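Architecture at a glance
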Amino acid sequence: MRLPRFEYIEPINFEGALDLLYIHKDNAKVLAGGTDLLVRMKKGLLKPKIIISLKALKELSYIKKDDSYIKIGARTSIADIIASDLIKKEACALFEACEKIGAVTIQHYRGTIGGNILQDNRCIHYNQSAFHRSGRQPCHKDGGKICYARDASDRCNSTCQSDGATALMALGANITLVRKGTERIIDLDNFYTTDGIMPFAMESNELLKEIVIPIQGGKSSYKRLAYRSAIDYPIVSAGVFLKSSDTSKNEIEDARIVVGAIARAPIFLAKASSFLKGKKFNDISAFKKAADISMDNASTFAVHNVGSTLEYRCAMVSEMVFQALKEAAIVTQE
Amino acid sequence: MATNISFILNGDEISYEVKDHWTLSHLLREEMGLIGTKEGCGNGECGACTVIVDKLAVNSCLYLAIEVEGKIVETIEGLASTSGALHPIQQSFVKNGGIQCGFCSPGMIMSSKALLDKNPDANHEEIKHALAGNICRCTGYVQILESVEAVKNMGGQNE
Ligand SMILES: Cc1cc2nc3c(=O)[nH]c(=O)nc-3n(C[C@H](O)[C@H](O)[C@H](O)COP(=O)(O)OP(=O)(O)OC[C@H]3O[C@@H](n4cnc5c(N)ncnc54)[C@H](O)[C@@H]3O)c2cc1C
Ligand code: SF4
Ligand code: FES
Ligand code: FES
């Protein structure tokens, strides 16, 4: 399968990449590992005139501890994250998420964490060959006016299937976006729009530089469901974070529950999360209750467009959240 | 646009003029005639196109040819010795029924080689993990895993 034609440019440093994005804006696309971008280009879903490769930007590949933060360069490979003891210890949900991304050969060596959170939303009606799509009217995301996933929807409901994004949101991460001359830091919670066509608040001249995870002394966990354990994207997932109180080790002081692969973005479930505050780490029935609240709240956003049935995926929200909470509680108490 | 790139292919220094939009699988198969590397899905889903770049197994269908500049590339064509003797992994696949139609075999063998070069004593789980990105529609995988396991017992396999 061939790629459409484009001009390939390989800036030698970060500044050079920013300059190129400043000049070419919408005509250019950034290439990290290419395991999301090149697939979409082959399917004719986008045809950038210029590809700006991050290949030479080794300075964007690092995992380091800086005070009470973990900083990860955008171009760090999924394999490097899996191999990091720091991530395993302080941000276990991210380790567990990365371990499950695709399969070793493609995603782990080639795929990057930056590309993982910036991969486009997906939908079984949209992520198809040009030939398949030519047989019917284009949908919203394809430049048309209908949605095949939800009847009479006036907008696109494509799903964010990034494993990394769900785990990072549970960990309370933020990201640094840079454009020529300025830099901004944004919480992942606020990074997502509710628009399936352009799922994140990012300008075409911006580059993702870094992902920052606060070390809060809690424990995190990530669980996902996919058809096969390798190659396939998640059809539902959950990332959770639990922190014990300083005064009473067996009491939950802070909780964050995030559900992925169900809506246009990973969703932070505020009600289910706050329900757990003050509960005990060995209170299994509280975890069950929080998991059920998560399911109820997340189900309203769910759309039938990444395979399996909606009923099954919604039911499994509860199961994924429950398993993740149990695991985070067990490691907290160890 | 076309650019002249240099890289090492199966031990030989190569210099080739590549178009910006060519993938590595396109360069190998359509331009250089090295059709041992297969292209199944073209989208990273099947692993038929697996080659080794700088010791890591990668999918050549999602690798831009221009990005192999300065790198060391190994394909299935480079495995047999100059006298024509098959590489121990290839022999093992033949002997243990790891090949039926053969379409997945080059990819399976390259993924196995990348693993065994790094970890000659890889256990069953490690082998399964390393081959998880390679799909086979014939064998049911059991014979493939057995073939890779059997290489360990053949001794002195890495060359
Ligand atoms: C068969 C298959 C299975 C997969 N399974 C999974 C899975 O289970 N879970 C999962 O989460 N993903 C999966 N993926 C998607 C993808 O492989 C991973 O998300 C990978 O981490 C993407 O990283 P990349 O570097 O290859 O991204 P690229 O394709 O290089 O980039 C993705 C997007 O991000 C942009 N981008 C990348 N880096 C930057 C930057 N620094 N600044 C600005 N923009 C940038 C690119 O322009 C592009 O739009 C799968 C892909 C395939 C082909
Ligand atoms: S959710 Fe609807 S508009 Fe969006 S990609 Fe799917 S079919 Fe198209
Ligand atoms: S052809 Fe490359 S993964 Fe299928
Ligand atoms: S032998 Fe036919 S696909 Fe594996």
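Because the structure is predicted, anything quoted here is derived from the model rather than measured.

The environment of ligand 2 is made up of 13 residues, and the closest members are A:Cys123, A:Cys139, A:Cys147, A:Cys156 and A:Asn157. The class makeup of the residues in the shell around ligand 2 is seven nonpolar, five polar and one charged.

Let us look at the site of ligand 1. If you check the shell around ligand 1, you find 37 residues, and the closest are A:Val30, A:Gly34, A:Thr35, A:Leu37 and A:Thr112. Chains contributing residues to the immediate surroundings of ligand 1 are chains A and B. Backbone polar atom of A:Leu37 to an oxygen atom of ligand 1: 2.7 Å apart, as the coordinates give it. Protein chains shield 98% of the accessible area of ligand 1, which is 980 Å² for the free molecule. Broken down by secondary-structure element, the contributors of at least two residues to the shell around ligand 1 are strand S2 (28-31), helix H2 (37-42), helix H6 (104-110), helix H7 (113-118) and strand S8 (207-214) of chain A.

A common way to express how large an interface is: the accessible area buried when the components associate. Each side of the interface is counted separately: chain A has 26 residues, and chain B has 33 residues. Taken over both partners, the interface formed by chain A and chain B buries close to 2600 Å², and the fraction arising from carbon and sulfur atoms is 59%. Considering only the surface of chain A that becomes buried against chain B, A:Thr105, A:Tyr109 and A:Arg110 emerge as the three largest contributors, covering 22% of it. Counting across the interface, chain A meets chain B through one salt bridge. A salt bridge links B:Glu67 to A:Arg110; its shortest N-O distance comes to 3.3 Å. Where chain A touches chain B, the interface holds eight residue pairs in polar contact (both at pLDDT 80 or more). Elements that contribute at least two residues to the side of chain A that touches chain B include exactly strand S1 (7-9), H2 and H6 of chain A. Of the residues that constitute the side of chain A that touches chain B, the class distribution is 14 nonpolar, four polar and eight charged.

Rules of the game
Residues numbered from 1 in each chain as written. Chains lettered and ligands numbered in written order. Predicted model: local features only at pLDDT ≥ 70, side-chain atom pairs only at ≥ 80, totals over all residues. Heavy atoms only, no water. Near = heavy atom within 4 Å. Nonpolar A, V, L, I, M, F, W, Y, C, P; charged D, E, K, R; others polar. Polar contact = N/O pair within 3.5 Å; in protein donor to acceptor, adjacent residues only side chain to side chain. Areas by Shrake-Rupley, 256 points an atom, 1.4 Å probe, with all protein chains shown as cover. Helix = DSSP H or I, 4+ residues; strand = E, 2+ residues; numbered from the N terminus. Contact = heavy atoms within 4.5 Å. Buried area = accessible area lost by both parts, 1.4 Å probe. Salt bridge = Lys/Arg side-chain N within 4 Å of Asp/Glu carboxyl O.

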